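Descriptive structure summary
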Amino acid sequence: MKDNIIRAYGDTYNDGKIQLSFTFPVKQGLKAAEACKRYCFKLGLEDVEVVHMKDLKEGFTFFVVYAVSKESVNLDKITVAKIDTEIMDYYKINDYIKEKINRKINVVGACTGTDAHTVGLDAILNMKGYDGEYGLERYHEINTVNMGSQVANEKLIETAVKIKADAILVSQVVTQKNIHIKNLTEFVEILEAEGLRDQFILILGGPRISHELALELGFDAGFGSGTKPNEVASYIVQKVYKDSILVKGGE
Amino acid sequence: MKDNIIRAYGDTYNDGKIQLSFTFPVKQGLKAAEACKRYCFKLGLEDVEVVHMKDLKEGFTFFVVYAVSKESVNLDKITVAKIDTEIMDYYKINDYIKEKINRKINVVGACTGTDAHTVGLDAILNMKGYDGEYGLERYHEINTVNMGSQVANEKLIETAVKIKADAILVSQVVTQKNIHIKNLTEFVEILEAEGLRDQFILILGGPRISHELALELGFDAGFGSGTKPNEVASYIVQKVYKDSILVKGGE
Amino acid sequence: MNNKLDLDQKLISLCRNYTKSIADKVEKKIVNNTTTSVERTVLRFLGVDGVDEHGIPLPNVIVDKVRNEQKLNKGISYWFGNGLIQTGLPAQRLAEEISEGKIDLFSLPKEKNKDIIEFILEISEKKSEQIKQQVKKREMMQSKYPLGLKPWLYVIVATGNINEDVKQAKAAAREGADIIAVIRSTAQSLLDYVPYGPTTEGFGGTYATQANFKIMRDALDQVIEEEKRYIQLVNYCSGLAMPEIAQMGAEERLDMMLNDAMYGILFRDINMKRTFVDQHFSRMINAYAGIIINTGEDNYLTTADSLEESHTVLASQFINQELGLRTGLKNEQLGLGHAFEINPEIKDSFLLEIAQAQLVRQIFPDAPLKYMPPTKYMNGDIFKGHLMDGMFNFASIITDQSIQLLGMLTEAIHTPFIQDRALSIENAKHVFNSARNISSEITFNSNGKIQKRADQVLKETAELLKVIAKKGLMQSLSEGIFADIKRPIDGGKGADGVIKKDIDYFNPFAEVFSKELEIKDER
Amino acid sequence: MNNKLDLDQKLISLCRNYTKSIADKVEKKIVNNTTTSVERTVLRFLGVDGVDEHGIPLPNVIVDKVRNEQKLNKGISYWFGNGLIQTGLPAQRLAEEISEGKIDLFSLPKEKNKDIIEFILEISEKKSEQIKQQVKKREMMQSKYPLGLKPWLYVIVATGNINEDVKQAKAAAREGADIIAVIRSTAQSLLDYVPYGPTTEGFGGTYATQANFKIMRDALDQVIEEEKRYIQLVNYCSGLAMPEIAQMGAEERLDMMLNDAMYGILFRDINMKRTFVDQHFSRMINAYAGIIINTGEDNYLTTADSLEESHTVLASQFINQELGLRTGLKNEQLGLGHAFEINPEIKDSFLLEIAQAQLVRQIFPDAPLKYMPPTKYMNGDIFKGHLMDGMFNFASIITDQSIQLLGMLTEAIHTPFIQDRALSIENAKHVFNSARNISSEITFNSNGKIQKRADQVLKETAELLKVIAKKGLMQSLSEGIFADIKRPIDGGKGADGVIKKDIDYFNPFAEVFSKELEIKDER
Ligand code: B12
Ligand code: B12
Ligand SMILES: Cc1ncc(COP(=O)(O)O)c(C=O)c1O
Ligand SMILES: Cc1ncc(COP(=O)(O)O)c(C=O)c1O
């Protein structure tokens, strides 16, 4: 195989070894084990070893499987959307705003819908910040409004309009049953219906969020686990600047 | 879906949730994550969540994934080969031999090839036994020869002939690179080449052995993890008896 | 139980003195108030249930009618009691007629106050008798099918569908769980009512309804018979309907309730007075029904820095204890909460965790402490997560904890799958079994890190309680004393449900419970 | 290091006395013997390497030629030394000519014994100097790139392919491993030679060859420079080629060697005398090369019942220590082995494990104890396995172990995948970091289960050593005193490689090493 076409690796190049675990609604026993094997075959796996089978009672059985998959991916064919603005630090960002934008930036953030997980949003917005980086509130060139948890989409938009926000920051942590997708889609739809979409930079964050997903949902950027406040601020200010040039250019 | 057609189960019937983990020979990063996702798509998975990505250094990345598979198995179509002789206890087995076979049973066991894992074989053969059940040596109606570890196939067969063994018990624990398959196939081939196959009951055991695999390899029965000595003895004596009837019937 | 730490007993007494003065002040502020939810609870106890044609629970319909007329200050039992006397209808029927507009409580003739009280007290005593029967039934079952060894294995089910929950709960109980908690659907705490009937949809949890309580209780009772081990059932007695849920739990023989004096204020932005009044009555009910409460101090650590906030946990436990004891709860019912939440990257973090756990253990020797697992520092690395949960279990067995909420290896990913729960139970069983007696085997060296850390936390706690005692709890909460969260004294949800009591206000159940629980008169 | 157990010091002295007498008797039996492998080692030290056209290593070819003529009892250095003198060829060239039949050692003219000795001693001293250079290099590197904190993280690589091993070893070292052991291919210990050159095929491990040693050493040296942390390299100095592997390790700067006085006898059915002679010389080499040996007592527990056999582990450690010290090894080089192998289903098994680990720790305070992970009771439940490994790590940090062979969650399934190792390292790092100082925090209660268990094991050990001292070690082994395994005194593999020494037998390296290591004359 070519170096760019890769398979899973256990201890020998391209051996294709993977581990799986799952539960079946079937009583533990030989038949369960066989069902587990056949299921793995359907996933295209070979050399299926059911190394562990545990009776979970009430007609459920848990399996641990090691197996070989002959599937591969071609690394050359993979392109990923990524945020390519330069990451600056607190001081540089403030300077950037002063020098290039020459007015304060306004942002508003919220955990929307029924989501009450504020820790992640606070990590980005609060003074204290996260992982050694100050939050947006601390930036003297940024006006930050943190609306906290369980904010209705309408309310957030209302506030954004009121404070003339450059960027709206939405945090979504609860993703069970894709509740976030529903809520976020609604958010963008309202903005579009009201003709407001283009007035704001839309930023999405949360542990299950990727930039790609954010784009799909109609946001401008997405930030996942471990995001630091300055990464977000860097993106915002550069985007504000770029957009302002475009507008001028267009005038 | 019908009750007999089942999928994996996380917390909702037939939700198809499974867990995977594996390593790719690729440097950690967004591209690695995307490669991981695409690989999972190739396995037919949906809703792929790369929940963990760890840089293993030297150009390797480890992933933990939760995903949904729409595959299912039809329980009604599954039949499994199983050992269906009745499982008796130590006393019943001795009585059975005395009453029905009316002579002592001879068995010989070994860890063959390069395998030196005697604990499993000893669990079946030694006095002491396993998990509260006496080993075959303890049965006064059974003559047991335990040849121990790393016994060559030829040597084992030689001994079996010498002691007029009813059953040959082979233990194989090391299965890396399918070394056991090679060794066991060779064993049966020698027996067949020498026209001895039908003289013995061939029994295979080890943690990665299933009855099915044993049959495939040309053995009469296979015993996996957690086997107790009396299960093996039960099988042997009933098989000896059944075979003796067959022979008589044929005469 | 070993006293592994050599604690400054005088400092502990001092803490208790501060706490008493804190509790005195809180009581003074709440004693003259009732709430819509307290009154709804009275109605429920009197036998009102069900919903109207818009799906609104009848207790809400009726209490709202009275409130809208500004007449709730006499207590709902005055109006409804009079209604019962005048119409002779059974409670449920009366409620329906009121809701349908066929009867107007205010236009009925009025019995004498004294007579209404007498009439309603009689019904209340009968009802209380029924609750006592549930307590007896629990005692009987537990003597026949004994509880597991402590620390009890506590797991959650959270599928959103009560029927799926039942499957998972039964499987968990058979695997060895001692306690099943049905997690509530996201944001139920903000509902100013209790949903009605069995429910099969919810996010991150299943609605707490009386029907769901009953379904799960019945399912577990069946497992108890089969496994010959009592399985305790838990739900959430907090939020805007706190006392109503206590009533449901008392009637359906729940065994534990999450029930905290301040959780709603801090984490759900519920109005302070509303919360303090509600928690008081709800705790009387829990006390009477023999229910163990679980307080929510663990939440402080998931939200703020757990090393810096350790002393706030202890301070809050002192307050929860004192407020709890004043509602008739015994120490044996006070499942004070704390959590194993230190950043695992910190060197010797395990020692610091042990210091805290042992400190709490020794200060509240009779309390069935509830120990919460690592959650905040769990990530998608399920293997490391499982190990952290094991260390947590180990900390628990070393320090003699009582209620062990099992950590899940998938904490950072989803509410538990069936196998996650089974693996967690296996984890706890393994650790507890293989180190069952370790607590009586070891002593902590005086002058070691553990001892010093415990001393430090205790000292900081005393200082904090002193400040709170001076400012008052409400003022302190408004300044963000717990979990970095500030709540304005008059802000928050449900403020409009707080009602000043009239001079002849009457709550028959508070009366009955107080008497039997020997709570001294509040005024 | 705390003395957490209050041990009977007199009993410990008594054990040491018994052990001395045991070792005396063993020495008496071996001192007059050499073995084919010892002689091959001498040849290798003298510079003979490579294989003949059938792939047979030249040291074997030559030693076998001499043995077949019954002339090995003078020592190979006599014949080969004479050959070098007579032909003036370099050693390797001479060996090749002999192997090709071009030179016949026996038909060459003979130098005087004394002159051969002198000649060969000179070469040997030069060689020894080279080994000392390796020791110096190790010291230098370790002072520049310090060793990690103890317990050191020890992981294995076992792909069978040295190139794949290198990748995995480097990744592991970067993840935090302190020690890399390259596991040998199944059954290499039964090869009466060392394979030659780099190898890419093996079962369950990779062949130990000098080329493979070098490849791995170079790879790790590179990582050391980059990670600025010394990484120790380990291989197996046991089996029929034990002393040759010691020589290879000394030359290639390995840091540790699995090297046990009795392992080969018990677990590979190698002849007793052969083993005792081989271990003695191999240990002198290890001692001289500054290599830490790892003994194999852990194997007793995987084979027999670990609770019943605890005292045999300790007895064997006493014996390994005494025999080791007599070969010039210092206590700091004695990585005595033990293992965390109790059935986890046993109540308080963790306490019993701690008792044993702490007992060993206190009895051998200077030894870099090697602690082996749970293996026997690991099964396909990788999640529970990971937890058990965590408990093992915890036991280690509580009892100040030195060399921590990391357990793998897939122990029951396959030799480690790259991620298994990374997860294990993460496991150990987490446990060690979060409880780094726990050992100095706690004391074990006198009269507790832990203290009592330790006392009991020590007592049983003394009794056992007494019996062995009386019967002699060989007799005892033949009766199955360790791990339930019986080995006939004259049976076993490699017996034909034991050769009675002539009166003027000479081994130049034994001479040089003895002198420098200050080992008292053996006869
Ligand atoms: C703490 C916590 C809580 C606290 C929240 C306190 C608070 N004030 O936030 C409490 C106890 C209240 C809570 C409650 C619930 N929780 Co909760 N909770 C957690 C927990 C343990 C940690 C979350 C956290 O704080 N992480 C730390 C922060 C710093 O990380 P982060 O959120 O990922 O944020 C970073 C990035 O994502 C990003 N980011 C995040 N937001 C934003 C926004 C922007 C604009 C940007 C740019 C970046 C950004 O930057 C941050 C810094 O790097 C997680 C489990 C876990 N370990 O993840 C469960 C978890 C998130 N909770 C869960 C659930 C189900 C609930 C409940 C619904 C349970 C219930 N039925 O009661 C409730 C309801 C809450 C609600 N209505 O939303 C589930 C969610 C499952 C899912 N995938 O949907 C989890 C995963 C636990 C589980 N396994 O069940 N929870
Ligand atoms: C103990 C042990 C050893 C001991 C063996 C001591 C001895 N005298 O047996 C020692 C330390 C010597 C050893 C050495 C090696 N081992 Co080892 N060892 C193990 C270990 C930890 C336990 C095996 C065991 O005893 N299980 C307990 C018994 C009771 O269970 P059992 O064997 O499954 O037997 C039961 C059933 O299977 C059945 N059964 C078994 N045999 C038979 C036969 C018959 C006829 C019947 C009816 C039933 C039956 O009944 C038994 C009772 O229920 C396993 C890991 C693990 N936890 O499984 C690794 C393991 C088996 N070893 C392994 C390896 C690689 C090796 C080595 C090759 C490593 C090396 N390179 O040096 C060496 C070489 C040994 C050799 N030449 O074979 C690998 C095998 C990988 C693979 N799948 O191929 C394992 C899985 C560890 C690992 N992850 O790397 N090992
Ligand atoms: C006391 C208490 N009540 C309630 C809850 C959570 O319930 P909800 O999300 O419905 O407010 C918690 C959570 O930890 C708690 O500790
Ligand atoms: C001292 C010693 N040598 C050697 C080995 C294993 O090597 P082999 O399988 O090659 O005999 C072990 C295994 O644990 C050991 O402890």
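These notes cover the structure that comes with them. Numbering of residues begins from 1 in every chain and follows the order in which that chain's sequence is written. Ligands are numbered from 1 and chains lettered from A, in the order in which they are written. Only residues with pLDDT of 70 or above have their local features reported here, since the model is predicted, and side-chain atom pairs are shown and tallied only from 80 upward, although totals for entire chains, interfaces and linings are computed over all residues. To obtain the side-chain values, all non-hydrogen atoms of the structure were included, while hydrogens and water were left out.

Here's the deal with the coordination of the cobalt atom of ligand 1
Only N, O and S atoms count as donors, using a 2.8 Å cut-off from the metal and 3.2 Å for Na, K and Ca, and because water is excluded some sites may appear unfinished. Looking at the cobalt atom of ligand 1, one finds just one donor atom contributed by the protein, H117(A) (NE2), at 2.1 Å. The helix and strand labels rest on DSSP assignments: H or I over at least four residues marks a helix, E over at least two residues marks a strand, and numbering proceeds from the N terminus. Counting through the fold element by element, H117(A) comes out in the loop between β6 (105–111) and α3 (119–125).

Some words on the relation of the copies chain B and chain A
For these two chain copies, the linking operation is a rotation about an axis paired with a shift along it. The two copies are related by a screw motion: chain B maps onto chain A through a turn of 180° and a shift of 0.0 Å along the axis, at an RMSD of 0.1 Å. Both chain copies can therefore be described as sitting about a two-fold axis. Across chain B, the smallest distance between a C-alpha and the rotation axis is recorded for L20(B), namely 2.1 Å. It only takes one pair of heavy atoms within 4.5 Å for two residues to be counted as in contact. Comparing interface residues between copies, 100% of those in chain B also sit at the interface in chain A, which points to an isologous, same-surface contact. The superposition of copies rests on a least-squares fit of C-alpha positions from residues with pLDDT of 70 or more in both.

Thoughts on the interface of chain B and chain A
Each partner contributes residues to the interface: chain B has 43 residues there, and chain A has 43 residues. Two parts placed together each lose some accessible area under a 1.4 Å probe, and the buried area is that loss summed for both. When the two sides are added together, the surface that chain B and chain A hide from each other amounts to roughly 4,000 Å², 61% of it contributed by carbon and sulfur. A side-chain nitrogen of Lys or Arg and a carboxyl oxygen of Asp or Glu constitute a salt bridge if their distance falls within 4 Å. Linking chain B to chain A there are 2 salt bridges. Taking the shortest distance from any N to any O, the salt bridge between R208(B) and E49(A) comes out at 3.5 Å. Here a polar contact is taken to be a pair of N or O atoms separated by no more than 3.5 Å, where protein atoms must pair a possible hydrogen donor with a possible acceptor and residues adjacent in sequence count only if both atoms sit in side chains. Linking chain B to chain A there are 12 residue pairs in polar contact (both at pLDDT 80 or more). Put simply, the parts of the chain that give the side of chain B that touches chain A at least two residues each are β2 (17–24), α1 (30–42), β3 (45–57) and β4 (60–69) of chain B. Among the elements that line the side of chain B that touches chain A, the one with the most residues is β2(B), at 8 residues.

Some words on the relation of the copies chain C and chain D
Placing chain C over chain D gives an RMSD of 0.1 Å and needs a rotation angle of 180°, together with 0.1 Å of translation along the axis. A shared binding surface is used by both copies, with 100% of the interface residues of chain C retained as interface residues in chain D.

Quick word on the packing of helix α4 (residues 76–87) of chain C against helix α5 (residues 91–99) of chain C
All names here are of chain C. Packing of α4 against α5 leaves a shortest axis separation of 10 Å and a crossing angle of 100°. With respect to α5, the element α4 is oriented roughly perpendicular. In contact with F80, G83, L84 and T87 of α4, α5 contributes A91, L94, A95 and I98. Of the residues belonging to the contact of α4 with α5, the class tally is 6 nonpolar, 2 polar and no charged. Orientation is described by axes fitted as lines to C-alpha atoms, over the contacting stretch for helices, and by angles from 0 to 180 degrees between their N-to-C directions. An angle counts as roughly parallel when it lies under 35 degrees, as roughly antiparallel when it exceeds 145, as roughly perpendicular when it falls between 65 and 115, and as oblique in every other case. Here the term charged refers only to Asp, Glu, Lys and Arg, the term nonpolar to Ala, Val, Leu, Ile, Met, Phe, Trp, Tyr, Cys and Pro, and the term polar to all other amino acids, Gly among them.

Brief notes about a negative patch on the surface
Residue and element names in this part refer to chain A. Judged by side-chain charge, E154, E158, E186, E189, E192, E194 and D198 come together as a negatively charged surface patch. At the level of secondary structure, the elements contributing two or more residues to the negative patch comprise α4 (153–162) and α5 (179–193). In terms of residue count, α5 provides more of the negative patch than any other element does, 3 residues in total. Relative to the helices and strands, E194 resides in the loop between α5 and β9 (201–205). Any residue with relative accessible area above 30% and no salt bridge may belong to a patch, with like charges joined within 9 Å and the nonpolar Val, Leu, Ile, Met, Phe, Trp and Tyr side chains within 5 Å. Accessible surface is estimated by sampling points in the Shrake-Rupley manner with a 1.4 Å probe; for residues, cover comes only from the protein chains shown. Residues scored as positive are Lys and Arg, those scored as negative are Asp and Glu, and His as well as the terminal groups of each chain are ignored. Every charge is mapped to an atom, namely NZ of Lys, CZ of Arg, CG of Asp or CD of Glu.

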